[in-house]
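Per-entry structural report
So you can see what is in the structure, the chains are spelled out below.
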Amino acid sequence: MYIDTLSICKERLTCLRAAELSDSLPTLQSNSSSFGTDTDADSQMQDADPPPLDHVFPSTNSDPEEARLEAQEFSKFLLAKSYFDCREYDRCAAVFLPTALPRAPLSPVSPNSNIKSNSKTWKGKGKDFESGNGHGPTSSANSLPQLSQKALFLALYARYMSGEKRKDEEGEMILGPADGGTTVNRELMGIAASLQGWFTARAAKGLEGSNQGWLEYLYGIVLAKGKTEAEAKRWLLRSVHLCPLNWGSWLELSGLLNNVEELQKLVPELPQHIMTLIFHLYACQELYQSSQQVHDQLSQLERIFPESQFLKTQRALLFYHSKDYDEAESIFSTLMHADPHRIDSLDHYSNILYVMSARPKLAFLAQVATATDKFRPETCCVVGNYYSLKSEHEKAVIYFRRALTLDRSFLSAWTLMGHEYIEMKNTHAAIESYRRAVDVNRKDYRAWYGLGQTYEVLEMHLYALFYYQRAASLKPYDPKMWQAVGSCYDRVDRPVQSIKAYKRALVAGSFYDAGTSFGPGAANSEPPSGVLDPETLYQIALMYEKLNHSAEAASYMEMTLAQEEGADDDDDEDASANGTGVTNTTSKARMWLARWEFACGGLARAMELANELCQDGVEVEEAKALIRDLRARMEKTRSPS
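Rules behind the numbers
- Residues numbered from 1 in each chain as written.
- Predicted model: local features only at pLDDT ≥ 70, side-chain atom pairs only at ≥ 80, totals over all residues.
- Heavy atoms only, no water.
- Salt bridge = Lys/Arg side-chain N within 4 Å of Asp/Glu carboxyl O.
- Helix = DSSP H or I, 4+ residues; strand = E, 2+ residues; numbered from the N terminus.
- Expected span 1.5 Å × (residues − 1).
- Buried < 20%, exposed > 50% of the residue type's maximum accessible area, 1.4 Å probe, protein only.
- Contact = heavy atoms within 4.5 Å.
- Lys, Arg positive; Asp, Glu negative; His and termini not counted.
- Polar contact = N/O pair within 3.5 Å; in protein donor to acceptor, adjacent residues only side chain to side chain.
- Core = buried A, V, L, I, M, F, W, Y, C linked by side-chain atoms within 4.5 Å.

**Comments concerning the pattern of salt bridges**
Inspection of the entire model under this criterion finds 28 salt bridges. Between E187 and R166 there is a salt bridge; the shortest N-O distance is 3.7 Å. Residue E187 is located in the loop between helix 8 (149-171) and helix 9 (188-205), and its partner R166 is located in helix 8; the two are separated by 21 residues in the primary sequence. Salt bridges sharing partners connect three or more residues here, namely D90, R166 and E187.

What follows is the structure in structure tokens.
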């Protein structure tokens, strides 16, 4: 009855007190020598068998040894779990691990490697280490007490969380003097050494097959934090095979993927499980892959989970990455009406509203999020985007800093704060913000692009070129990335490479678009179908002019003019409606062509283009001067010699 009351209890502090009382009860012994010792010698109870622990504390574990250990630790586990829920991580770990863990550097070698060969050596930090000698920082001796995997995971994970909490406390103010991003979790080395010893001992006994996957998951996290990513990926793969329903392992595995090629190589090694399909979908979305195949896979999952808000959010993010803002906004709006208290992914929704310049909707979203939970990083980003749209950049930075105070690994806040510092002309803070965003997630193309923008403002074009190339490699089908690369090549006087980059932008689908999906000053504008970006065509023409290829330059200038009317169509009204109309870029191209025709002797064509410029109202004075020169030339050619 006491245990049932404890299990039903939901209040953390009340549950903690109940767990402490439960742990203070006398411990039941499983051996017959200690059972019945308080009875008389002639009593029949003296020969009675002790009650099995698994009837007193039932366990669902199929492994009898693990079930026995879990039954013995039941009261202590409830106490430790209560400490963990109250965020008293050190107390939680001390329930099962009273002594401090050993501190040692991380080893890039599998703990099982010393069983296969005692002569194998590895190099780390400039030193050779004999893997089988049992000495040094990565000793394979198991110093942990005999605990169930469930209790050991809770204790070691609490130790890890304690280190993360202490790391955040040592970081002090966001982007302050002591916040250099160099503080580390000091518990990682001890946890790694303990897990290495535990896995080695299990392998020596041949018990690897009875592992549950939770400690493999924790070891993968520790290795990933220590930048030993290949080993981390291997242990996380082992974890998802042993426990495929642990979504945390899938998330960590996704964070170690740098591109689609790595994902394709990983897929054959994944277990045959529905979680593999969900992981593949999530990883494709994180890698900005929004192909029809990904949408079909998402539709297949939605037939299984038709009301899943997670899957609907993934659909919205796929549309967001492909710049279909209207569709993405519609899905997020439906999700918000279905569950107005849901805060997850609202930062992405606010980004979409910011790009669309939907200020009333963004204001309403900020009010709803603040009323629900003002101390969530997503809420702070929503409010920060609202102030950014109002051009109150100082207030926006305050809220992005608040989001990072709540969660220093919150990617959106670092990137958005970098955008705000760009607007405030604080390039040093912008660079630091973008670099911290890249540290959190190397796949964030917006942070790489932001770094390129910042260095371009500083006129450090080679640095900017490097960061733009990284952004383009992450999102190769975004024409804005290649346009930025082409611009940098032009600045460093490499016109041939610039032409290649601009043509890559056209191949990537460089439609005329006044807005972008990142950075300040973005606005939503649906690109006309079948119309190429006239600015890209104009820049290609200028590059050919630099190379003295006038004929090629003229052909691209003609293509730039052709975008005013759009694609050829049987219906002239529809064709003109799909064009860009007269723009500054097309007017510049018209002026260039008029002068080129004038130089080549095409006076009639030059006069036609100059008159069009006067009608457009752009470059009027230069057009009138050109017309005067043309008339003088024509009169000169008509007059007899």
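**Quick look at helix 22 (residues 411-423)**
Look at helix 22: 19 Å from first C-alpha to last across 13 residues, which is about the 18 Å you get at 1.5 Å a residue. With respect to burial, helix 22 is a largely interior element, twelve of its 13 residues being buried. Those residues of helix 22 that are buried lie in contact with helix 18 (346-355), helix 20 (377-389), helix 21 (393-406), helix 23 (427-440) and helix 24 (445-457).

**Regarding the side chain of R342**
Mapped onto the elements, R342 comes out in the loop between helix 17 (325-338) and helix 18. Buried charge without a partner: R342 forms no salt bridge, and the closest opposite charge is D344, 4.6 Å away. Engagement of the side chain of R342 in a polar contact is seen with the side chain of T313, the distance being 3.2 Å. Apart from the residues within four sequence positions on either side, R342 is in contact with Q309, F310, T313 and L335.

**Details of the side chain of E66**
Its place among the elements puts E66 in helix 4 (residues 64-72). The charged side chain of E66 is buried without a salt bridge, its nearest counter-charge being R202 at 4.2 Å. Within the structure, E66 has its side chain in polar contact with the backbone nitrogen of Q149 (distance 3.0 Å). Beyond its immediate chain neighbours, meaning those up to four positions away, E66 contacts N61, S148, Q149, R202 and Q212.

**Re the environment of G617**
Along the chain, the position of G617 falls in the loop between helix 32 (603-616) and helix 33 (620-638). Here the alpha-carbon distance between G617 and V582, two residues 35 residues apart in the chain, equals 9.6 Å.

**Here's the deal with the nonpolar core**
L365, M417, L451 and V485 are the most contacted members of the largest nonpolar core, which totals 72 residues. Contacts of M417, omitting those with residues within four sequence positions, involve I174, L175, V397, F400, R401, L404 and S433. In terms of nonpolar packing, the next biggest core, distinct from the first, is built from 60 residues, A93, L152, L188 and Y217 among them.

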